[in-house]
Amino acid sequence: MTDRTTVAIAGGGPAGMMLGLLLARAGIRVTVLEKHKDFLRDFRGDTVHASTIRLLDELGLGKGFRELPQSRLGDLSAPVPEGGRVTLTDFGRLPAPYNYIAMVPQWDLLDFLAEAGRREPSFELRMSTEVTGLLRERGRVVGVRTNRGDLRADLTVACDGRNSILREAPPREFPVPFDTWWFRLPRFEGEREEIAALRVDFRGEEAGVCLVREDYYQIAFFTVKGRDARLRAEGVERFRERIRLLMPRFADRVDHIASMDDVHLLDVRLNRLRRWYSDGLLFIGDAAHAMSPAGGVGINLAFQDAVAAAALLARPLRRGNVTVRDLARVQRRRWPPTVVVQAAQRLLQRVLFVAAFEGRRSGPPRSLLFLIRHVPGFRQIPSRLIAYGPRPEHAPAFARR
């Protein structure tokens, strides 16, 4: 007997799990294929933005979400040339209760969505199932090959990340001046205030961002792209010294970086496919558009892609006839916000990171400082772009509870 489903989703990340849940609530048989045995992988995107929190409320999952272990990120600050710091965002002025960004371990969030999915009769999650290729008939994608056998489907959705093996053509790449190295530092009891500011620090060709977690700090260290081998050759003591000089407030705890094995490289990419679909196949999330960590918006766009795809494709999936035109509608809807966000990320890279790395300036340009200091409400523009994105999606009626 042939193994068959209506929708095969390759990848159990944010886009894949959300799409699976939404389609199952539409009564569509959906199978999510995740190559790992669990979701326990550190230093993944853990920011849950206001538009996603609102979406979970619309799905009737808000109460359960707020019971997950989490902390709140406050506003973003950066150093200024004359000394001191300036606050670049103002999340607190966004409409309550969606006036903050939550830091939630991604494994907890994905487990939470998986449990919600399992309550739907037509939802199936297969762990330890790696997609290895596509099944085709007469030029159309009709399912996937996996390490556990073939799975036929009316529609295959690639949600397997920036290195998707299902990509049929290379994406358009945009230059990124840095890579990111992630590591943890302890957060002491007296530092666990409810909301903590997100701050950027610069020193020569280096930058650091601190994300506040429930009981530790998650640190992102930025420097010129391609420096990983050099950093590791210098050894852990030299790396600790870099962090002491860059972020002196953490000098008392850098010894908790036991070795360079505690420092994890993210090869930063910024790209997007020119075409997100072919007959029987759709790409969403990072598989369609890899985002820079600037602004932490990748997970937000992945969820929004999933909502748009579910809303636009539920009806043709029910009638058993998803056409290329249907799939093109998903790209048309999500293409503009992707382009806008990636353009904003490229601008942020130039005015903050490139200028700092080249020694021209440490912190925001004077024109931006003028707007922040003298134009009322200006800080709400980056706040809203980060918290909601340029085209936030709402849960379709069939998925609301």
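The sections below set out a description of the structure shown in this document. Model, not experiment: these values are computed from the prediction.

### Here we look at the side chain of aspartate 305
Here aspartate 305 lies in helix 7 (residues 298-318). A distance of 2.9 Å separates a polar side-chain atom of aspartate 305 from the backbone nitrogen of glycine 285. When near neighbours in sequence (up to four residues on either side) are disregarded, aspartate 305 contacts Trp276, Ile284, Gly285, His289 and Arg334.

### Looking at the packing of helix 2 (residues 50-58) against helix 7
Running from amino to carboxyl end, helix 2 crosses helix 7 at an angle of 40°, the nearest separation of the two axes being 9 Å. Regarding the angle of helix 2 to helix 7, the classification is oblique. Judged by the sense of rotation from one axis to the other, the crossing of helix 2 with helix 7 is left-handed. Touching Ser51, Thr52 and Leu55 of helix 2 are Asn300, Phe303, Gln304 and Val307, all from helix 7. By residue class, the composition of the contact of helix 2 with helix 7 is three nonpolar, four polar and no charged.

### Points about the pairing of strand 7 (residues 123-126)
Alternating positions in strand 7 separate cleanly, Phe123 and Leu125 being buried on one face and Glu124 and Arg126 remaining unburied on the opposite face. The pairing of strand 2 (residues 30-33) with strand 7 spans four bridges and is parallel. Residue valine 30 lies in a different strand from strand 7, and its bridge partner there is phenylalanine 123.

### Points about a positive patch on the surface
A cluster of basic residues, Arg172, Arg274, Arg346 and Arg350, forms a positive patch on the protein surface. Locating arginine 350 in the fold gives a position in helix 8 (residues 324-357). For arginine 350, a relative accessible area of 48% corresponds to the partly exposed category.

### Some details on the packing of aromatic side chains
Applying the stated criterion to the full structure yields 10 aromatic pairs. With 5.0 Å between their ring centres and 85° between their planes, phenylalanine 178 and phenylalanine 222 make a pair best called edge-to-face. Taken as a pair, phenylalanine 178 in strand 12 (residues 178-186) and phenylalanine 222 in strand 15 (residues 216-224) lie far apart in primary sequence, 44 residues in all. Each of the two residues, phenylalanine 178 as well as phenylalanine 222, counts as buried. Ring geometry for phenylalanine 183 and phenylalanine 239: centres 5.5 Å apart, planes at 80°, overall edge-to-face. On the criterion of sequence distance, the pair formed by phenylalanine 183 in strand 12 and phenylalanine 239 in helix 6 (residues 236-246) is long-range, its members being 56 residues apart. Phenylalanine 239 matches phenylalanine 183 in its accessibility class, with the two residues each being buried. An aromatic cluster is present here, built from Phe178, Phe202, Phe222, Phe353 and Phe357 joined pairwise through their rings. Sitting above the plane of the tyrosine 388 ring, arginine 384 keeps its charged end 4.5 Å from the centroid.

The rules we used
Residues numbered from 1 in each chain as written. Predicted model: local features only at pLDDT ≥ 70, side-chain atom pairs only at ≥ 80, totals over all residues. Heavy atoms only, no water. Helix = DSSP H or I, 4+ residues; strand = E, 2+ residues; numbered from the N terminus. Polar contact = N/O pair within 3.5 Å; in protein donor to acceptor, adjacent residues only side chain to side chain. Contact = heavy atoms within 4.5 Å. Axes fitted to C-alpha atoms, helices over the stretch in contact; angles between N-to-C directions. Parallel < 35°, antiparallel > 145°, perpendicular 65-115°, else oblique. Left-handed = near helix turned anticlockwise from the far one by under 90°. Nonpolar A, V, L, I, M, F, W, Y, C, P; charged D, E, K, R; others polar. Buried < 20%, exposed > 50% of the residue type's maximum accessible area, 1.4 Å probe, protein only. Pairing = 2+ DSSP bridges. Patch = residues over 30% accessible without salt bridge, like charges linked within 9 Å, V, L, I, M, F, W, Y side chains within 5 Å. Areas by Shrake-Rupley, 256 points an atom, 1.4 Å probe, with all protein chains shown as cover. Salt bridge = Lys/Arg side-chain N within 4 Å of Asp/Glu carboxyl O. Lys, Arg positive; Asp, Glu negative; His and termini not counted. Charge placed at Lys NZ, Arg CZ, Asp CG, Glu CD. Phe/Tyr/Trp six-rings, centres within 6.5 Å; stacked < 30°, edge-to-face > 60°. Lys NZ or Arg CZ within 6 Å of the ring centre and 35° of its normal.

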